[in-house]
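# Chains, contacts and geometry: an overview
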Amino acid sequence: MEKRIRVLVAKPGLDGHDRGAKVVARALRDAGFEVIYTGLRQTPEQIAEAALQEDVNVIALSLLSGAHNHLFPRIAQLCRQKDMSDVLIVGGGVIPDADIPGLKAAGIAEVFTPGTTTGAIIEFIRTNVK
């Protein structure tokens, strides 16, 4: 029996809008992934610790507040410090195209912007999870 992919869906920072995160979480679950949703207003430290405790394969970050350039790299850094370099980290939300190369350089494997289908997210995770 194949091990199910475990995904932590997280809302870092003060962003209080979680509809998109919940839609993605449900789509991932419906695709056969095991999904853990952290809820709103999580610190990078809380997200990294939850990922470690839950032994996830993927961290899926959702952010609409504009703090992605600070929060996403911090989460990636904390994961590396906790020896979780094998965890795939993806992000999504209202993120300007100009910010995406910097996020990828900081360790975010992919950034999904508005209009991305849940099918594309599922396919990326299945293709890239270690």
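Quick notes on the rules
Residues numbered from 1 in each chain as written. Predicted model: local features only at pLDDT ≥ 70, side-chain atom pairs only at ≥ 80, totals over all residues. Heavy atoms only, no water. Helix = DSSP H or I, 4+ residues; strand = E, 2+ residues; numbered from the N terminus. Buried < 20%, exposed > 50% of the residue type's maximum accessible area, 1.4 Å probe, protein only. Contact = heavy atoms within 4.5 Å. Pairing = 2+ DSSP bridges. Axes fitted to C-alpha atoms, helices over the stretch in contact; angles between N-to-C directions. Core = buried A, V, L, I, M, F, W, Y, C linked by side-chain atoms within 4.5 Å. Parallel < 35°, antiparallel > 145°, perpendicular 65-115°, else oblique. Left-handed = near helix turned anticlockwise from the far one by under 90°. Arc of directions from axis to C-beta.

### Considering the side chain of Lys 11
Residue placement: Lys 11 occurs in the loop between β1 (6-10) and α1 (19-30). Residue Lys 11 is classed as buried on the basis of its relative accessible area of 0%. Once you skip the residues sitting within four places of it in the chain, Lys 11 turns out to touch His 17, Asp 18, Ala 21, Tyr 37, Thr 38, Gly 39, Leu 40, Arg 41, Gln 42, Ile 47, Ser 62 and Leu 63.

### Side note on the pairing of β1
Residues in a regular strand point their side chains to alternate faces of the sheet. By the criterion of burial, β1 is predominantly enclosed, with five of the five residues buried. Covered by surrounding structure in β1 are Arg 6, Leu 8 and Ala 10 together with Val 7 and Val 9, the residues of both alternating faces. Across four bridges, the pairing between β1 and strand β2 (residues 34-37) is parallel. By the bridge assignment, Val 9 is partnered in β2 with Tyr 37.

### Looking at the sheet that holds β1
Ordered by their spatial adjacency, five strands build an open sheet running β2-β1-β3-β4-β5, and the pairing between neighbours is parallel. Only two strands of the sheet have a single neighbouring strand rather than two, namely β2 and β5 (110-112). Taking each pair of neighbouring strands and ignoring which way they run, the sheet shows an average axis angle of 20 degrees. Its contacts with the sheet place α1 against β1, β2 and β3 (58-63), and it is angled at close to 160 degrees to β2.

### As for unusual backbone geometry
The phi dihedral of Arg 41 is positive, around 55 degrees, even though this residue is not glycine. Mapped onto the secondary structure, Arg 41 falls in the loop between β2 and α2 (44-54). Of the residues examined, Arg 41 reaches a relative accessible area of 49% and is grouped as partly exposed. For Asp 83, which is not a glycine, the phi torsion comes out positive at approximately 60 degrees.

### Quick look at the nonpolar core
Residues Ile 59 and Leu 61 are the most contacted members of the largest nonpolar core, which totals 24 residues. When contributions to this core are tallied by element, the ones reaching two or more residues are β1, α2, β3, α3 (68-81) and α4 (100-105). The contact partners of Leu 61, leaving out residues within four places of it in the chain, are Ala 10, Pro 12, Ile 47, Phe 72, Ile 75, Ile 89, Val 90, Gly 91 and Gly 92. Val 7, Ala 27, Leu 28 and Ile 125 belong to the second largest nonpolar core, which has 17 residues in total.

### Structural notes on the packing of α2 against α3
At a minimum axis distance of 9 Å, the contact between α2 and α3 shows a crossing angle of 40 degrees. As judged from the angle between their axes, α2 and α3 are oblique. Considering the relative orientation of α2 and α3, their crossing is right-handed. Packed against α2, whose contacting residues are Pro 44, Glu 45, Ile 47 and Ala 48, the element α3 presents Leu 71, Arg 74, Ile 75, Leu 78 and Cys 79 at the interface.

### Some points on helix α5 (residues 118-128)
Taken together, the buried positions of α5 are Ile 121, Ile 122, Phe 124 and Ile 125. Here the buried residues of α5 occupy an arc of 160 degrees about the axis, which is enough to place them on one side. As for α5, its buried residues are in contact with α1, β3, β4 (88-93) and β5.

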